[in-house]
Every structure is written in structure tokens, then in C-alpha cells.
Amino acid sequence: MQFRDLHRQYEAMKAEMDEALLKAVSSTAFIMGAPVQELEQQLADYVGVKHCISCANGTDALRLALMAMDIKPGDAVFVPDFTFFASAEVVSMQGATPVFVDVNFDDFNISVADLETKYRHICNHTDLHPAAVIAVDLFGQPADFDKVRPFCQAHSLLLVEDGAQGFGGAIRDRKACSFGDIGTTSFFPAKPLGCYGDGGAVFTDNDDWAALIKSFRIHGKGTDKYDNVRIGLNSRLDTLQAAVLQVKLRHFDDELAAVNHAASMYTSLLSDRVTTPVVGDGRLSSWAQYTIQLPDRDALQARLKSEGIPSMVYYPRTMSSQTAFASLSQSPCPQASALSRTVLSLPMHPYITDSEIEIIASKI
Ligand SMILES: *Cc1c(COP(=O)(O)O)cnc(C)c1O
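Conventions and cut-offs
Residues numbered from 1 in each chain as written. Predicted model: local features only at pLDDT ≥ 70, side-chain atom pairs only at ≥ 80, totals over all residues. Heavy atoms only, no water. Near = heavy atom within 4 Å. Polar contact = N/O pair within 3.5 Å; in protein donor to acceptor, adjacent residues only side chain to side chain. Areas by Shrake-Rupley, 256 points an atom, 1.4 Å probe, with all protein chains shown as cover. Helix = DSSP H or I, 4+ residues; strand = E, 2+ residues; numbered from the N terminus. Nonpolar A, V, L, I, M, F, W, Y, C, P; charged D, E, K, R; others polar. Buried < 20%, exposed > 50% of the residue type's maximum accessible area, 1.4 Å probe, protein only. Pairing = 2+ DSSP bridges. Axes fitted to C-alpha atoms, helices over the stretch in contact; angles between N-to-C directions. Parallel < 35°, antiparallel > 145°, perpendicular 65-115°, else oblique. Left-handed = near helix turned anticlockwise from the far one by under 90°. Contact = heavy atoms within 4.5 Å.

Draft legend 1. Structural view of the site of the ligand. Around the ligand lies a shell of 14 residues, among which Gly-58, Thr-59, Asp-162, Ser-186 and Lys-191 are the nearest. A distance of 2.8 Å is found between an oxygen atom of the ligand and a side-chain nitrogen or oxygen belonging to Gln-165. Interatomic distance of 2.7 Å between a side-chain N/O atom of Lys-191 and an oxygen atom of the ligand. In isolation the ligand exposes 380 Å². Once the protein is present, 93% of that is buried. Of all the secondary structure elements, the ones that give two or more residues to the shell around the ligand are α4 (58–68) and α5 (86–93). Considered class by class, the residues forming the shell around the ligand number four nonpolar, eight polar and two charged.

Draft legend 2. Representation of the pairing of strand β11 (residues 290–293). Alternating positions in β11 separate into two faces, Tyr-290 and Ile-292 on one and Thr-291 and Gln-293 on the other, with burial throughout. Across four bridges, β11 lies against strand β12 (residues 343–346) in antiparallel orientation. Residue pairing for β12: Gln-293 is matched across the bridge by Val-343.

Draft legend 3. Layout of the packing of helix α2 (residues 14–27) against helix α9 (residues 239–270). Here α2 crosses α9 at 155°, and the two axes come no closer than 9 Å. Taken as axis vectors, α2 and α9 run roughly antiparallel relative to one another. As α2 packs across α9, the resulting crossing turns out to be right-handed. Within the contact between the two elements, α2 uses Glu-16, Met-17, Ala-20, Leu-21, Ala-24 and Val-25 and α9 uses Leu-240, Ala-243, Val-244, Val-247, Lys-248, Arg-250 and His-251. Looking at the contact of α2 with α9 residue by residue, the classes come out as nine nonpolar, one polar and three charged.

Draft legend 4. Inspection of unusual backbone geometry at higher detail. Looking along the chain, the bond that leaves Tyr-314 and enters Tyr-315 is cis, with omega of 5°. Inspection of the secondary structure puts Tyr-315 in the loop between α10 (297–306) and α11 (334–342). The phi angle at Thr-28 is positive, at roughly 55°, despite the residue not being glycine. Within the element layout of this structure, Thr-28 appears in the loop between α2 and α3 (34–47). A residue is classified by how much of its surface remains accessible, and Thr-28, at 52% relative accessible area, is exposed. In the Ramachandran plot, Cys-177 falls in the positive-phi region, its phi being about 80° despite a non-glycine side chain. Inspection of the secondary structure assignment puts Cys-177 in the loop between β7 (174–175) and β8 (182–186). A relative accessible area of 1% means that Cys-177 is categorised as buried.

Draft legend 5. Summary view of the sheet that holds β7. Within the open sheet, the three strands sit side by side as β7-β6-β10. Their pairing is antiparallel. The sheet terminates laterally at β7 and β10 (283–284), the two strands that pair on one side only. Where strand β6 (residues 170–171) and β10 come together, two bridges link them in antiparallel fashion. Counted as the bridge partner of Ala-170 is Leu-284 from β10.

Structure follows, in C-alpha cells:
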């Protein structure tokens, strides 16, 4: 059994995929070929924002967002303590200071109550300028943007939605990656919409930021490629990856339905044994992970492994306990710390079968 079975996915779309890949290869337009612009338009339409700018990976997507927002030394950027390292890493790459905020037990996402506490602390006890919030759609469920957005508006904080795991999720009729002033995603193979290597994208309604990000992703180019008007990155999405994503996007809504079916089956079989994930009212998860909580997590993981069932711990360390951030002075995030000891993610992907879920549940 695979944790995320990419082989089954390829088999399910093999004919279309092989054709698209061959077409992209034979075009030899490997960089910024036609599929890149086509995909950007399709993704912008899917998410419901004006601009999609593709780039080399989800970390660069976040970095491009912070570059466009001019996040700089002296700025405080609020980041959940329970996330993948990149969400916070990009803040330090800008020379700004990440401030870690606790998360909720039920949806694993940023706690607005603790955001308020950490914001006051920064205002009252430091010289830092509170500049932005990076809210993460952890494990596929959008953060509670009904509360996060008004908080940011009230305190003039810019809002970035890190939708690396959230692409495809929604709150009521609005899609993930549309909730921030800028939204970002990753096309790393194991993400809800993954390519065959690295890839990422930035989403925004803001014309000026979109133009800036298009420049930043190609060495700060001006009107001409050899006219460089600012310092940027080399961060483009390959034509081949765009071609892969165009095929996968056609199947994406079916896959979304399949993972939601798998999640509800897991929950009905497991909810009386372990703490199962909760999806908030009006919210849709893209189930990047199906994550349970239990006190003797390590014992269960070992037991599942002996039965040939893979599972993963996302994440065993909080941001504030990472060695790379050891020099930052941080106030505690007890719920995030507790989660790092109790979470276990189970096999989850659109091609998992009902009988596989039954087997996994019976072992648990
Ligand atoms: C994967 C991930 C990223 C980074 O994406 P890459 O494409 O691997 O660079 C950022 N944030 C979160 C929450 C992620 O899960």
C-alpha cells in the first residue's frame, strides 16, 4: 500500500498524459511555452482571481508574494507554529522576523485568538512593525478566513494565504488561494494538485503586484529580458510541468470528490476510536492529508508499519522548536506543541479504495 499512490493516478490518465508530454517535448519550447500561459489562465479562472503567475515551487511562490509586498527587515510576519518549514522560512529570507502563532486543535489552522495575543505582544513589547499574516490551509482545509481577514483589515496587516496544501478547498462558494491579498500554492507531486517535479503559483487580484511578480520571477526583468530593473529570482514553471498540470486539472474535481468520499469513510469508521479531523461549516477540504490525533501515536505508527500500512507524522516539530529559529525569542504555542506529539496522517489520495480504508480502519 502506498501513502499517496501517484502510480495509480498516472495509470488513470496515461493516454492523455503521454500525449500531452510528447506534444510539449516535440514543441521544444521548454521554457515559457504555450502551456504555461494557458495553465495560468485556467488556474486563475478555477480559483476565481484575476491573475495567476506560475513559478518554480511553492516556496518561491511565498517568497515572490513577500517580495511584492516589500516585506523587509524590521517587519514582523505572523505564521502558524504548526506548518511546513517553508511557510516561516520565507519570512527570514526577506530579513523579516517570523512570529509564531498557536493553532486550533480542530482544524490545525491559525488561531485568531492567539493571533490577537501575539499581535499585541509585538506592538507593546518590541520595535518590530507588524506587517503581514501568512495563514496556512493545513492538510487541505482553508484557514478560518471569516475571522482572519477582518482581523488583518482592522490592523492594516497584509494577508498571504499559503495554499500549498489547500488548492481545491473552499469556504462556501469561494475557492482556496483566493482568500489572501495574495494566495500561493505548490505543485510538489504529493500536494492536492501535483506535477511531475517542482512547481508553484501565485494568485492575486492586484494588477501592480501581478506585474511585479512577473518581473521578479525572471531576474527582475523590465520590458525586455536583458533590461533588468530590479533584483529578482530565476523561478519559472517548466513547460513540461504546465502540460502535466493541464491534464491533471481536467480530472481535479473528480479527484476532489474521491478524497472527500475517502475522508468521510475514514471518519465514520474511526471517530469512536481516535480524534478524527473536523471540517468547519461551509468549508471544503482538498484532503492533502487525513490526520488523526491520539496519545500513543508512535505505538500505532509502529503497529501499522508492521502490517504494511504507511503513515506519516506531519509535523514532529513545531516552527518555534526548529533549530534554524533557535535565536528567535518566542512566546509559547502549547496547542501546536501538543499536536506535534499526537498527530498521525493516514494513507490518503483519490485512488484509495473502500476496501483499503476498511483494512486500515480495522487495524486502528
Ligand atoms: C509544500 C509546502 C510549501 C512549499 O512548497 P514547495 O513546492 O515544496 O516549495 C509551503 N507551505 C506549505 C504549507 C507546504 O505544505
